[in-house]
Amino acid sequence: MSDKGGDDRRPHGELVADALAVLWAAGKPMTAQQVNAALGRGLARTTIATILSRLHEKGTLRRIPSGRGFSYEPVEDAAGLVAGRMRRELEKEPRRDLVLKRFVSSLSEDDEETLRRLLLEAEAEGEAT
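So, how was this worked out
- Residues numbered from 1 in each chain as written.
- Predicted model: local features only at pLDDT ≥ 70, side-chain atom pairs only at ≥ 80, totals over all residues.
- Heavy atoms only, no water.
- Pairing = 2+ DSSP bridges.
- Helix = DSSP H or I, 4+ residues; strand = E, 2+ residues; numbered from the N terminus.
- Phe/Tyr/Trp six-rings, centres within 6.5 Å; stacked < 30°, edge-to-face > 60°.
- Lys NZ or Arg CZ within 6 Å of the ring centre and 35° of its normal.
- Contact = heavy atoms within 4.5 Å.
- Salt bridge = Lys/Arg side-chain N within 4 Å of Asp/Glu carboxyl O.
- Buried < 20%, exposed > 50% of the residue type's maximum accessible area, 1.4 Å probe, protein only.
- Axes fitted to C-alpha atoms, helices over the stretch in contact; angles between N-to-C directions.

(A) Quick peek at the pairing of strand 2 (residues 61-66). Strand direction decides the pairing type here: strand 2 and strand 3 (residues 69-74), joined by 6 bridges, are antiparallel. The residue bridging proline 65 from the neighbouring strand is phenylalanine 70, located in strand 3. What sits between the antiparallel neighbours strand 2 and strand 3 is a turn of 2 residues, in which glycine 67 has the positive phi angle 65°.

(B) Fine view of the packing of aromatic side chains. Summed over all chains, the structure comprises 0 aromatic pairs. Above the face of the phenylalanine 70 ring, arginine 63 is positioned so that its terminal group lies 4.2 Å from the ring centre.

(C) Inspection of the environment of leucine 107 at higher detail. Summarising the element assignment, leucine 107 is placed in the loop between helix 5 (96-105) and helix 6 (109-128). As a C-alpha pair, leucine 107 and threonine 50 span 57 residues in sequence and 37 Å in three-dimensional space. Discounting chain neighbours no more than four positions away, the residues touching leucine 107 are Glu112 and Leu115.

(D) Structural context of the pattern of salt bridges. Under the counting rule described, the total for this entry stands at 7 salt bridges. Residue lysine 92 is joined to glutamate 89 by a salt bridge in which the shortest nitrogen-to-oxygen separation is 2.9 Å. A residue pair is termed a helical-turn pair when its members lie 3 or 4 positions apart in one helix, as lysine 92 and glutamate 89 do in helix 4 (residues 78-92) at 3 residues. With a relative accessible area of 46%, glutamate 89 lands in the partly exposed category.

(E) Summary view of the sheet that holds strand 2. Ordered by their spatial adjacency, 3 strands build an open sheet running 1-3-2, and the pairing between neighbours is antiparallel. Sheet topology places strand 1 (30-31) and strand 2 at the edges, where each strand pairs with a single neighbour. Here strand 1 pairs with strand 3 via 2 bridges, running antiparallel. Within strand 3, the position partnered with methionine 30 by the bridge is tyrosine 72. Each of strand 1, strand 2 and strand 3 touches helix 3 (residues 45-57); the most contacted strand, strand 2, lies at about 120° to it.

See the structure below:
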């Protein structure tokens, strides 16, 4: 087993998160070349193009024809993306009540109060419609 002590590559997930952050900050569609330039890491354009293409396949990004290639934009903001991921994880579990109970019991007092307020607001909106 060889030691790659000098390998300072970042984890793949971090590069994906950084590419998404660039797209959210831009507020407009960007090509892989533009995302790569904004990242400023000197990565191969194909590396970024592959990441953006995979995010499109997962439904995270919308792809728009742009010249001979594509531009990409996020389908949701960061909070929407995390909320969707949480919902999908919850839907996988047959004991949803237990998962929610454990989740709520792990919240800080501030987060718990925020959740209570949001539930009351949602209930009030539901009654108003």
